[in-house]
Amino acid sequence: MSGPATHCGAGGDPEDLTSGGSLPAVWREHAGRQPDRVCLHDPDTGWISRGELAEESAAVAGRLFAAGLRRGDRVLLSAPAGTALVAAHVACLRMGLVVVPLNAALRRREVAHIVADAAPRGAILDDADMRAWVRRAAPEAVVCTSAVHLRSGKVPSLDDLDGNEPAILGYTSGTTGAPKGAVLTHANLLAGAEALRRAWDWRDSDRLVLALPLFHMHGLGVGLHGTLHAGAAAVLQPSFDPGAVIDAVLEHRATLFFGVPTMYSRLVTHRRSGELAGLRLAVSGSAPLAAELHRGLEAATGLRVLERYGMTETVMLVSNPLDGERRPGSVGFPLPGVDLRLMAPGESPGSAPEVAAGMSGEIWVRGPNVFAGYWCRPGTGPRSDGWFSTGDIARRDAEGYLYLEGRTTEVIITGGLNVYPREVEEQLADHPAIAEVAIAGRPDEQWGELVTAYVVPAPGRRTPTAADLRSHVVDRLARYKQPRAVVPVEAIPRNALGKVQRHLLGEVAGTEAAAT
Ligand code: MCA
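Residues numbered from 1 in each chain as written. Predicted model: local features only at pLDDT ≥ 70, side-chain atom pairs only at ≥ 80, totals over all residues. Heavy atoms only, no water.

Observations regarding the overall build of the protein
Inference 1: When helices and strands are tallied, the protein shows 13 helices and 26 strands.
Inference 2: For 516 residues, the compact-globule estimate of 2.2 N^0.38 gives 24 Å, and the protein sits close to it at 23 Å.
Inference 3: Across its three principal directions, the C-alpha atoms of the protein cover 70 × 60 × 55 Å.
Inference 4: Looking at the protein as a whole, 56% of its 516 residues are labelled buried.
Inference 5: By sequence separation, contacts in the protein at least 24 residues apart represent 67% of the contacts at least 6 residues apart. (Helix = DSSP H or I, 4+ residues; strand = E, 2+ residues; numbered from the N terminus. Rg over C-alpha atoms; globule rule 2.2 N^0.38 Å. Buried < 20%, exposed > 50% of the residue type's maximum accessible area, 1.4 Å probe, protein only. Contact = heavy atoms within 4.5 Å.)

Some points on the sheet that holds strand β17 (residues 361-366)
Inference 1: As summarised here, the arrangement of the four strands in space is β16-β17-β19-β20, forming an open sheet in which the pairing is antiparallel. Edge positions in the sheet fall to β16 (339-343) and β20 (402-407), since each of these pairs with one other strand and no more. Across the sheet, the axes of successive neighbouring strands diverge by a mean angle of 45°, strand direction being ignored.
Inference 2: With four bridges joining them, β17 and strand β19 (residues 388-396) adopt antiparallel strand pairing. When the bridges of β19 are listed, W364 appears paired with S389. (Pairing = 2+ DSSP bridges. Axes fitted to C-alpha atoms, helices over the stretch in contact; angles between N-to-C directions.)

Points about the pattern of salt bridges
Oppositely charged side chains may form a pair once their charged atoms are brought near each other.
Inference 1: Across all of its chains, the model carries 33 salt bridges by this definition.
Inference 2: Its salt-bridge partner being R33, residue E29 comes within 3.3 Å of it at the nearest N-O pair. One end of the pair is E29 and the other is R33, both in helix α1 (residues 23-33) and four residues apart, which spans about a single turn.
Inference 3: Assessed through its relative accessible area of 51%, E29 is described here as exposed.
Inference 4: When its relative accessible area of 52% is taken as the criterion, R33 is described as exposed.
Inference 5: Between E354 and R396 there is a salt bridge whose closest N-O contact spans 3.3 Å. Within this pair, whereas E354 is found in the loop between β16 and β17, its partner R396 is found in strand β19, the two being separated by 42 residues in sequence.
Inference 6: For E354, a relative accessible area of 31% gives the class partly exposed.
Inference 7: Salt bridges sharing common partners tie together D16, E194, R197 and R198. (Salt bridge = Lys/Arg side-chain N within 4 Å of Asp/Glu carboxyl O.)

Here's the deal with the site of the ligand
Inference 1: Of all residues adjacent to the ligand, which total 24 residues, the nearest are S286, R308, T414, R479 and R484.
Inference 2: Within the side chain of R479, one N or O atom sits 2.7 Å away from an oxygen atom of the ligand.
Inference 3: In this structure, an oxygen atom belonging to the ligand sits 2.6 Å away from a side-chain N or O atom of R484.
Inference 4: The fraction of the free accessible surface of the ligand (1,000 Å²) that becomes covered by protein chains is 73%.
Inference 5: Taken together, the elements giving at least two residues each to the shell around the ligand come down to α7 (217-230), α9 (261-268) and β13 (306-311).
Inference 6: In the shell around the ligand, the residues fall into 11 nonpolar, nine polar and four charged. (Near = heavy atom within 4 Å. Polar contact = N/O pair within 3.5 Å; in protein donor to acceptor, adjacent residues only side chain to side chain. Areas by Shrake-Rupley, 256 points an atom, 1.4 Å probe, with all protein chains shown as cover. Nonpolar A, V, L, I, M, F, W, Y, C, P; charged D, E, K, R; others polar.)

Here we look at the pairing of β20
Inference 1: Across five bridges, β19 lies against β20 in antiparallel orientation. Bridging from a neighbouring strand, R396 pairs with L402 of β20.
Inference 2: The antiparallel pairing of β19 with β20 creates a hairpin that spans five residues between the two strands, and G400 there sits at a positive phi of about 95°.

Thoughts on the sheet that holds strand β14 (residues 315-319)
Inference 1: The strand order across the open sheet formed by nine strands is β2-β1-β10-β9-β11-β12-β13-β14-β15, and the pairing between neighbours is mixed. At either margin of the open sheet sits one strand with a lone partner, and together these are β2 (46-49) and β15 (333-334).
Inference 2: Examined bridge by bridge, strand β9 (residues 207-210) and strand β11 (residues 256-259) share two bridges and lie parallel to one another. For V209, the partnering residue across the bridge sits in β11 and is F257.

Things to note about the side chain of D159
Inference 1: Within the secondary structure layout, D159 lies in the loop between β6 (142-144) and β7 (166-172).
Inference 2: In terms of polar contacts, D159 uses its side chain to reach the side chain of R28, at 2.3 Å.

From the geometry alone we can't say anything about function, so treat these as descriptive.
Structure below.
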């Protein structure tokens, strides 16, 4: 390579990433051109075509409209991946409703927070508990298991969206422990999908095995939107099972697979992992892929996994090249349209030049994919000039490859899901056997990091086990946020201001009391 590369993927003018108008406008064009071409496979109902998805989503839009939902209204969506969920999602986007995807693992307290914040007027929720919680928290909202249970009605105006209209409210936690909603516009979603189409040469002949949940940016904004935008097809799986993924790759002659590192660590040890060799591209994201796992996958399958980096707030930002070297441990180069700068602590674009090559800096980004801001939190999110500080730290090597090195926030990433220590600590603080508790991630081969509780036991009490702590928070925290290990400590290390020094927790730890 001659000199540092700046962008990943095949050319194109970054400015025209949103020239299609909106995802629904592009989908409509695909359906109009080749209505019979298949686009989604559901394990229960089989393939549906572009035309069928267009018809089905229009019918759902008619039902939602008849139920009183109007442009700009927020609608909670949560169900296992399948064509019914996709039709509901597509219907909402087509008629200008704002989708609020909900992780099915969330518990009552977590759901109540989102309902209070987003003030939804509708909810399509597969889980009965979730429906009951939402009904209690938002008695006026239209709540149903599936849109087919709503009365049918006249189809409202579809696909005539302005790029600046909100499309998705994606809840993501912050250092405060209270999740906030990232407002992604139609232009953001389109720019995100178009950048990936160009970078990964996503073609209408591609078939993706999609075993990621459709309530996070990875499965939804990358997997589903990318597929429909490219006019390609996806084989949906309601949960991740390595054998089922391999079967689907063979049966449907799939060309693409996207996963989090925990999925790849399970695939690599599967006795039939070699049968993934037919894929043209396997992509990893949401958490760092260990260089060793990258090499192990190549040995087992012949695939050089392509690692990329993104966030709920920005769709995708950086990717290893499709053609050219994919470096283990690196996330590659900025995607088309993404302006990226590495800034020294306390500096920001405009206030100082970038850090020198080889030096670490905080990642700042700008581009048509970067979200509009956090819902109802003026003054937060991107600056008025569009720059957004990601909270991630990285360095570039001499050839421009980007390496993630850490975070300015304290988020733990377990199995590709973000957990914020403060939120877990707040829920454990009233446990009777706990005097003090601090939460941190511990390295783990399968999960990446394990949510670990460092506990100072209350006087006269034994250190609680991980099972004790889990049962204490069973109704308050999704299972993936619950501590998997407990380490007794004599004191929680704090700085002069009383702030927990999480990086020192490992050093003050005594004997481990319990782990799962
Ligand atoms: C499940 N469990 C977990 C997790 N998932 N614990 C910690 N971390 C997790 N991620 C719990 C289960 O509740 C269960 O607990 C126990 O672990 C074993 O469950 P198991 O059946 O083995 O797990 P699974 O159902 O197979 O799920 C593992 C998974 C899943 C497939 C890796 O976590 C997953 O789909 N992760 C991907 C999430 C994702 O889409 N992230 C993208 C975020 P118990 O035994 O107590 O019941 S978007 C993003 O990050 C950005 C934008 C980006 O760049 O992509």
